[in-house]
Amino acid sequence: LENLDRHLTQKMPDSIARRYFKTAVEYSKNKSIRHTGFIAQEVEDVANLLNYQFDGVNKPANAADNYTLSYASFVVPLVKAVQEQQQQIETLKKEIEELKKRQ
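Throughout what follows, the structure given in this document is the object of discussion. Computed from a predicted model, the values in this text were never measured in an experiment.

Quick look at unusual backbone geometry now. At N51, a position not held by glycine, the phi torsion is positive, near 55°. Here N51 is to be found in the loop between α4 (40–49) and β1 (57–58). Owing to a relative accessible area of 66%, N51 belongs among the exposed residues under this scheme.

Taken together, the side chains of V46, L49, L50 and Y52 make up a nonpolar region of the molecular surface, amounting to roughly 460 Å² of accessible area. You can see Y52 is positioned in the loop between α4 and β1. By relative accessible area, which is 43% here, Y52 ends up partly exposed.

Glancing now at the packing of aromatic side chains. Enumeration according to the criterion identifies five aromatic pairs in this entry. Geometrically, the ring pair formed by F38 and F74 is stacked, given 4.9 Å between the ring centres and 0° between the ring planes. In this pair, F38 is assigned in the loop between α3 (24–31) and α4 and F74 in helix α5 (residues 72–102), connecting sequence segments 36 residues apart. You can call F74 buried: its relative accessible area is 12%.

Take the pattern of salt bridges next. Summed over the entire model, instances satisfying the criterion amount to four salt bridges. Its salt-bridge partner being R6, residue E2 comes within 2.6 Å of it at the nearest N-O pair. Of this pair, E2 and R6 both sit in helix α1 (residues 2–8), four residues apart, which is roughly one turn of the helix. Across the pair K59 and E44 runs a salt bridge, and its minimum N-O distance is 3.2 Å. With a gap of 15 residues between them, K59 in the loop between β1 and β2 (68–69) and E44 in helix α4 connect regions that are remote in the sequence.

What counts, and at which threshold
- Residues numbered from 1 in each chain as written.
- Predicted model: local features only at pLDDT ≥ 70, side-chain atom pairs only at ≥ 80, totals over all residues.
- Heavy atoms only, no water.
- Helix = DSSP H or I, 4+ residues; strand = E, 2+ residues; numbered from the N terminus.
- Buried < 20%, exposed > 50% of the residue type's maximum accessible area, 1.4 Å probe, protein only.
- Patch = residues over 30% accessible without salt bridge, like charges linked within 9 Å, V, L, I, M, F, W, Y side chains within 5 Å.
- Areas by Shrake-Rupley, 256 points an atom, 1.4 Å probe, with all protein chains shown as cover.
- Salt bridge = Lys/Arg side-chain N within 4 Å of Asp/Glu carboxyl O.
- Phe/Tyr/Trp six-rings, centres within 6.5 Å; stacked < 30°, edge-to-face > 60°.

Set out below in structure tokens:
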């Protein structure tokens, strides 16, 4: 996290950049927390592998910028995937019931 702070403030004057840095204790506490989420570069790689035009990855505009994800862009594909999965579940349930009847 300290490295991220250094990256994000690299073009700022020191007087402003200092405001973004935490104490060693704060960085230490933060390192002990398990953070979860997607890694933007991995999302980009998977989308490219699938040849899927995904607008949820925001690439760095310059060397001082960083990758970000627009989690709102995940909602529609996830809802669609759940709907398709639910259809498959319903089909399998029917097949199971039919097989049970044959016994």
